[in-house]
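Summary of the model geometry
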Amino acid sequence: MASDVLFTPTQLGALKLKNRFVMAPLTRSRANEMGVPADFATEYYAQRAGAGLIITEATQASFQGMGYPRTPGLHTKAQMVRWKEIVDAVHGAGSKIVSQIWHVGRVAAAANRGVKADVVAPSVVPAPGQIYTDASGFVAHDVPRALATDEIGATAKEFATAARHAIDLGFDGVEVHSANGYLLHQFLSTNVNKRADRYGGSIENRIRMPLEVIDAVIAEVGSNRVGVRVSPGHQFNGIEEDEMVPLYEKYIAELDKRDLAYLHVMRPTANTVEEDVVALARGCFSGPMIVAGGYDADSATAVIAEGTAAAVAFGKSFIANPDLPERVRRRAALNAPDEATFYTPGRAGYTDYPVLAAEETRA
Ligand SMILES: Cc1cc2nc3c(=O)[nH]c(=O)nc-3n(C[C@H](O)[C@H](O)[C@H](O)COP(=O)(O)O)c2cc1C
């Protein structure tokens, strides 16, 4: 079968994967305002343990990093108790799991935080458009305060502490979220980062904050358990990157020196860029890559078979198909994702997508 390569094991740093299917990080807003995942999140993740690797939904290292309603954290006791249940359930079901750690930066409404905390960004440049809040529906993003130069070390430390918590709880690794218009990506950008200090201006300066975060995480848990997600050219959340190609050539070349478990490259799906960003990353990075963004079984097979990627992350198809690898193996039809329940509380559209019936799974 053409997709056989998807069912072979691979190694990403310290992580041994049983197959090449990765569950992409997927914000589902099923936690509470204190960032504690729902009890049924355990079932949701365990249902998807056919994946060789599960990357959790983006998880904040502090209340300051929380922007959307009901997103989880990894910095309070109650959050950690629930994550431990999730990790144990995923391991019991036979998969690996890493925690995606983020800070939303300016993509926030403080009203969504269970605890009061400033909205911060590289500069005082609010995000365009609106953000959903449980209290008042869609509202304008809060105007951020610029992070002071001497606050950046503390932000890096928060990421490192969350990574420490993750490893102590039994996660197999962590993924630093440097994509999709959130804080690290805001530092990389030319339109949100207007700083005059050593974190703004030149490419070398704009990659400094993300690298300091990543280095702090590596120092805490070891590079072979650390992945980094980037999305070159992705204009999501109002990001602009002048000189995108030299920016990522320099950034990824720096990442390449760090012996990461993997680089996770998400190609833009909402907007188009001239450059093939997967090829751009491959040209600068010598370690294993995970790729994401609109892949199906055939294109995933091709990108692995040609040697570009070690594994492929599937987003919407893993939401709708808890047994995605089994369906691909059987060449069975896929369930369609229901966008209306992507971010709604409760089990509907979360734990209730059907798996193949027994007779459909017979060879
Ligand atoms: C509901 C939803 C939530 C998402 N949440 C995250 C997230 O928390 N972190 C992240 O890096 N990407 C997130 N993404 C992007 C996905 O990880 C993935 O890259 C994207 O959906 C493209 O892959 P696909 O075409 O296979 O769905 C999200 C996407 C969707 C649809």
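From a predicted model like this one, the values you see are computed outputs, not experimental measurements.

**Brief notes about the UniProt feature "domain: NADH:flavin oxidoreductase/NADH oxidase N-terminal" (unreviewed entry) in the protein**
- The UniProt feature table records "domain: NADH:flavin oxidoreductase/NADH oxidase N-terminal" (unreviewed entry) at residues 6-333.
- Secondary structure across residues 6-333 comprises 32% helix and 17% strand; the distance between its end C-alpha atoms is 17 Å.

**Some thoughts on the nonpolar core**
- Judged by nonpolar contacts, the single largest core of 82 residues is most densely connected at V176, V228, Y248, Y251, L255 and L263.
- Discounting residues that sit within four places of it in the chain, Y251 has contacts with S178, L188, I207, P210, L211, I214, V228 and V230.
- Listed in part, the 15 residues of the second largest apolar core include L17, V22, A261 and A292.

**Points about the packing of aromatic side chains**
- What the rule picks out here adds up to 13 aromatic pairs.
- Plain terms: the ring middles of F40 and Y350 are 5.7 Å apart, the flat faces sit at 80 degrees to each other, and that makes the pair edge-to-face. Here F40 is found in the loop between β3 (21-23) and α1 (41-47), whereas its partner Y350 is found in the loop between α11 (324-329) and α12 (358-361), with 310 residues between them in sequence.
- Residue classification places F40 among the buried residues on the basis of a relative accessible area of 15%.
- A connected cluster of aromatic rings, assembled from ring pairs, spans F40, Y44, Y45, W83, F171 and Y350.
- Above the ring of Y295, the side-chain terminus of R267 is found at 3.8 Å from the ring centroid.

**Describing the pattern of salt bridges**
- By the definition in use, this model includes 16 salt bridges.
- For E151, the salt bridge goes to R145, with nearest N and O atoms at 3.0 Å.
- With a closest N to O distance of 2.7 Å, R195 and D197 form a salt bridge.
- Note on R195: relative accessible area 11%, which makes it buried.

**Describing the site of the ligand**
- Taken together, 17 residues form the shell around the ligand, and within it P25, T27, R229, G294 and G315 come nearest.
- For the ligand, a nitrogen atom lies 3.3 Å from a polar atom in the side chain of N180.
- Contacts to the ligand include K316, whose backbone N or O atom sits 2.8 Å from an oxygen atom.
- Alone, the ligand offers 610 Å² of accessible surface; in the complex the protein occludes 90% of this.

**Examining helix α2 (residues 77-92)**
- Here α2 contains 16 residues, and its C-alpha end-to-end distance of 22 Å stays within 8% of the 22 Å for a straight helix at 1.5 Å per residue.
- Within the sequence span of α2, burial applies to Q79, M80, R82, W83, I86, V87 and V90. Down the axis, α2 shows its buried residues gathered within 165 degrees of arc, on one side only. Seen from the open side of α2, the exposed residues pointing more than 90 degrees away from its buried face are K77 and G92.

**A few points about the environment of I131**
- Position of I131 relative to the elements: it lies in strand β8 (residues 130-133).
- Taking the relative accessible area as the measure of exposure, I131 reaches 2% and is therefore buried.
- Linking I131 and R327, residues 196 residues apart in sequence, is a C-alpha distance of 35 Å.
- Discounting residues that sit within four places of it in the chain, I131 has contacts with G67, Y68, V107, A108, A109, N112, G137, F138, V139, A140 and H141.

**Things to note about the packing of helix α7 (residues 244-256) against helix α8 (residues 277-284)**
- Interaxial distance between α7 and α8 falls to 8 Å at its minimum, and their mutual angle equals 40 degrees. Taken together, the axis directions place α7 and α8 in an arrangement best described as oblique. As α7 packs across α8, the resulting crossing turns out to be right-handed. Within the contact between the two elements, α7 uses M244, V245, Y248, E249, I252, A253 and D256 and α8 uses V277, L280, A281 and C284.
- For the contact of α7 with α8, the per-class residue count stands at nine nonpolar, no polar and two charged.

About the criteria used
Numbering of residues starts from 1 in each chain and follows the order in which that chain's sequence is written. Side-chain atom pairs in this predicted model are given and counted only at pLDDT of 80 or more, local residue features only at pLDDT of at least 70, and totals for whole chains, interfaces and linings cover all residues. Hydrogens and water molecules were not included; the side-chain quantities draw on all heavy atoms of the structure. UniProt positions are given in the numbering used here, feature names are shortened, and annotations may be inferred rather than shown by experiment. For the purposes of this entry, the term helix denotes a DSSP run of H or I that reaches at least four residues, the term strand denotes a run of E that reaches at least two, and both are numbered from the N terminus. What we call a nonpolar core is a set of buried Ala, Val, Leu, Ile, Met, Phe, Trp, Tyr and Cys residues that are connected through their side-chain atoms within 4.5 Å. Three labels apply to residues, based on accessible area from a 1.4 Å probe with only protein chains included: buried if under 20% of the type maximum, exposed if over 50%, partly exposed otherwise in between. Between two residues, a contact is recorded if the distance between any of their heavy atoms is within 4.5 Å. When two rings of Phe, Tyr or Trp (its six-membered ring) have centres within 6.5 Å they constitute a pair, described as stacked for plane angles under 30 degrees, edge-to-face for angles over 60, and tilted for the intermediate range. By definition, being over a ring means that NZ of Lys or CZ of Arg is both within 6 Å of the ring centre and within 35 degrees of the ring normal. Throughout this description, the term salt bridge denotes a Lys or Arg side-chain nitrogen within 4 Å of a carboxyl oxygen of Asp or Glu. Here a residue is near a molecule or strand as soon as one of its heavy atoms is found within 4 Å of it. In protein, a polar contact requires one atom able to donate a hydrogen and another able to accept it; more generally it is a pair of N or O atoms within 3.5 Å, and residues adjacent in sequence count only if both atoms are side-chain atoms. For the accessible areas, the method is Shrake-Rupley and the probe is 1.4 Å, while residue cover comes only from the protein chains on display. The span one expects for a helix is its residue count, reduced by one, times 1.5 Å. Here the arc refers to the directions that run from the helix axis out to each C-beta atom. Orientation is described by axes fitted as lines to C-alpha atoms, over the contacting stretch for helices, and by angles from 0 to 180 degrees between their N-to-C directions. Orientation labels follow simple angle bins: below 35 degrees gives roughly parallel, above 145 gives roughly antiparallel, 65 to 115 gives roughly perpendicular, and whatever is left gives oblique. Should the near helix be turned anticlockwise from the far one by less than a right angle, the crossing is termed left-handed; should it be turned clockwise, right-handed. All amino acids are sorted into three groups, where Ala, Val, Leu, Ile, Met, Phe, Trp, Tyr, Cys and Pro are nonpolar, Asp, Glu, Lys and Arg are charged, and the leftover types, Gly among them, are polar.

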